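# Geometric and topological summary
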Number of protein chains: 2
Amino acid sequence: MTKDPPRKTIYRLSTYQRCLARLLANNVDTVSSEALAKAAGVKPTQLRKDLAYFGQFGTRGLGYNVSMLSAFLNEALGTSRLQPVILIGVGNLGAALLRYGGFQKEGFEIAAAFDLDPDSANARNVPFPIRSAREMPAFVREHHVKMAILAIPAISAQNVVNEAVDAGIQAILNFSPTVLQVPGHVIVNSVDLAVELENLSYFIR
Amino acid sequence: MTKDPPRKTIYRLSTYQRCLARLLANNVDTVSSEALAKAAGVKPTQLRKDLAYFGQFGTRGLGYNVSMLSAFLNEALGTSRLQPVILIGVGNLGAALLRYGGFQKEGFEIAAAFDLDPDSANARNVPFPIRSAREMPAFVREHHVKMAILAIPAISAQNVVNEAVDAGIQAILNFSPTVLQVPGHVIVNSVDLAVELENLSYFIR
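Because the structure is a prediction, the values reported are computed rather than measured.

One way to see where empty space is left: roll a probe the size of a water molecule over the atoms. Counted by the stated rule, this structure contains one cavity of 30 Å³ or more. If you add up the space inside the largest cavity, you get close to 30 Å³. Lining the largest cavity, in full, are Leu93, Leu97, Phe175 and Leu193 of chain A together with Leu93, Leu97, Phe175 and Leu193 of chain B. By residue class, the composition of the lining of the largest cavity is eight nonpolar, no polar and no charged.

What follows is the structure, encoded as structure tokens:
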């Protein structure tokens, strides 16, 4: 790796990985950079530039070996082993995420779910026992969890994040509609549904 | 407007708008670019550069008039009036989105929800009647809907999108884990939860 790849490159690696998984499932051995780029919705030059951050892939005239490139991307993305993740906040969205079966398939395992009010969260009929948020820091420490999904109201988000980061959380997928303040070693990806809609709304007029 | 602002600028306008709404609720009249930038998690130069795409705001030494800047951003983002949106796909995620009360507050109104199997979708106990996906194109045409939220399996996504775009949809918030092919006048924002997690996972190692 010559220098650190940009965040956008890492996002695109996930897309390439998706496309390769489909090819693997269809018993395709090799794929040209043109075909892989098209499936991923990018230009071939972009694909080659993204992969170049990680080394030399593919053979001129033959393209990429699908299973080798896929295995490499799994390793690079940290999805070659199940990665434990905690979920904090089991409201409507949190409960939907617990019911969503797709995480494990992608290499992520919900290790535990927490809520400030575990009794009413448990009543949401989710296939998962909900623990009290007070137990969260100890659980993170004991199980060396590094990733958290945050789906709590904006007003409580910063306090909960402070506790989670103190306990060892390094990466947060944030659904709370607020800007979180975190130390430099912690990374936050925010998904704000209303902001996504506003962004679309701007462009249709 | 001198030239088209980049996508990232439009995303940040939403964040500024959030911060301004909080200030308004607290009866704050003016805010400095430093304070607004800090609340939004950006540098003051970034804030000033973003706003400069739209004109001249603020008074040197006094800062921004909160209610005027907020009203301007509402207008720019198209959230000054309720924008109708349809939801396609009422599975776990789609049902959670219907239960999520936040859209209307942000200027979006779910005008209708569609599913390939409306009977089982209606059984999900959502506060909304679910229509058959066959009725979707006619509804979009009749009500001049421009925005759609897509929460269906990847395998059916492209066909449904083709129908929606033919009927007049111009902007899609896509939760289906697939790359959609759309004509140039249509904009797609994709939210892929597994990709967000993979991206975090890369950075914690």
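So, next bit.
So, about the sheet that holds strand E7 (residues 171-174) of chain B. Strand pairing within a sheet occurs via backbone hydrogen bonds; the two strands may be parallel or antiparallel. Residue and element names in this part refer to chain B. Across the sheet, six strands lie side by side as E5-E4-E3-E6-E7-E8; this open sheet has parallel pairing. Each having just a single partner strand, strand E5 (130-132) and strand E8 (187-190) make up the two edges of the open sheet. Adjacent strand axes in the sheet meet at a mean angle of 25° when their direction is disregarded. Two strands pair when backbone bridges link them, and strand E6 (residues 147-150) and E7 are joined in this way by four bridges, in the parallel orientation.

Time to look at the nonpolar core. If you look at the biggest cluster of nonpolar residues, it comprises 50 residues, and the most contacted ones within it are Ile149 of chain A together with Ile149 of chain B. Aside from chain neighbours lying at most four places away, what touches Ile149 of chain B is Leu197 of chain A together with Val85, Ile86, Leu87, Ile88, Leu97, Phe103, Ile110, Leu173 and Phe175 of chain B.

The next thing to look at is the packing of aromatic side chains. Enumeration over the complete set of coordinates arrives at 10 aromatic pairs over all chains. Summarising the aromatic geometry, the rings of Phe54 of chain A and Tyr202 of chain B are spaced 6.4 Å apart at their centres and angled 85° between planes, so their arrangement reads as edge-to-face. In this pair, Phe54 of chain A sits in the loop between helix H3 (44-52) and strand E2 (64-65) while Tyr202 of chain B sits in helix H10 (residues 193-203), so the two residues belong to two different chains. Each of the two residues, Phe54 of chain A as well as Tyr202 of chain B, counts as buried. Ring geometry for Phe57 of chain B against Phe72 of chain B: centres 4.8 Å apart, planes inclined by 55°, an arrangement best described as tilted.

Looking now at the interface of chain B and chain A. Facing 59 residues of chain B, the contacting portion of chain A comprises 59 residues. Of all residues in chain B, Leu197, Glu198 and Ile204 of chain B give up the largest surface area on contact with chain A, accounting jointly for 13% of the area buried on that side. On the surface where chain B and chain A come into contact, there are two salt bridges. The interface formed by chain B and chain A includes 14 residue pairs in polar contact (both at pLDDT 80 or more).

Inspection of the secondary structure assignment puts Leu97 of chain A in helix H5 (residues 92-99). Relative accessible area serves as the criterion here: at 2%, Leu97 of chain A is assigned to the buried category. With 54 residues separating them in the primary sequence, Leu97 of chain A and Ala151 of chain A have C-alpha atoms 9.3 Å apart. In contact with Leu97 of chain A, other than residues within four places in its own chain, are Leu87, Phe103, Ile149 and Phe175 of chain A together with Leu193 of chain B.

Here chain A is partitioned into domain 1 (7-76) and domain 2 (83-196). Distance between the C-alpha centres of domain 1 of chain A and domain 2 of chain A: 31 Å.

All names here are of chain B. Considering all chains together, one arrives at eight salt bridges over all chains under this definition. The closest approach of N and O atoms between Glu34 and Arg48, which form a salt bridge, is 3.6 Å. Here Glu34 is found in helix H2 (residues 33-40), whereas its partner Arg48 is found in helix H3 (residues 44-52), with 14 residues between them in sequence. Its relative accessible area of 45% is what places Glu34 among the partly exposed residues.

Calculation criteria
- Residues numbered from 1 in each chain as written.
- Chains lettered and ligands numbered in written order.
- Predicted model: local features only at pLDDT ≥ 70, side-chain atom pairs only at ≥ 80, totals over all residues.
- Heavy atoms only, no water.
- 1 Å grid on protein atoms, 1.4 Å probe; cavity = no way out; pocket = protein on both sides within 12 Å on 5 of 7 lines; lining within 4 Å.
- Points joined across faces, edges and corners; volume = space filled by probe spheres on them.
- Nonpolar A, V, L, I, M, F, W, Y, C, P; charged D, E, K, R; others polar.
- Pairing = 2+ DSSP bridges.
- Helix = DSSP H or I, 4+ residues; strand = E, 2+ residues; numbered from the N terminus.
- Axes fitted to C-alpha atoms, helices over the stretch in contact; angles between N-to-C directions.
- Core = buried A, V, L, I, M, F, W, Y, C linked by side-chain atoms within 4.5 Å.
- Buried < 20%, exposed > 50% of the residue type's maximum accessible area, 1.4 Å probe, protein only.
- Contact = heavy atoms within 4.5 Å.
- Phe/Tyr/Trp six-rings, centres within 6.5 Å; stacked < 30°, edge-to-face > 60°.
- Buried area = accessible area lost by both parts, 1.4 Å probe.
- Salt bridge = Lys/Arg side-chain N within 4 Å of Asp/Glu carboxyl O.
- Polar contact = N/O pair within 3.5 Å; in protein donor to acceptor, adjacent residues only side chain to side chain.
- Domains from an automatic or database assignment.

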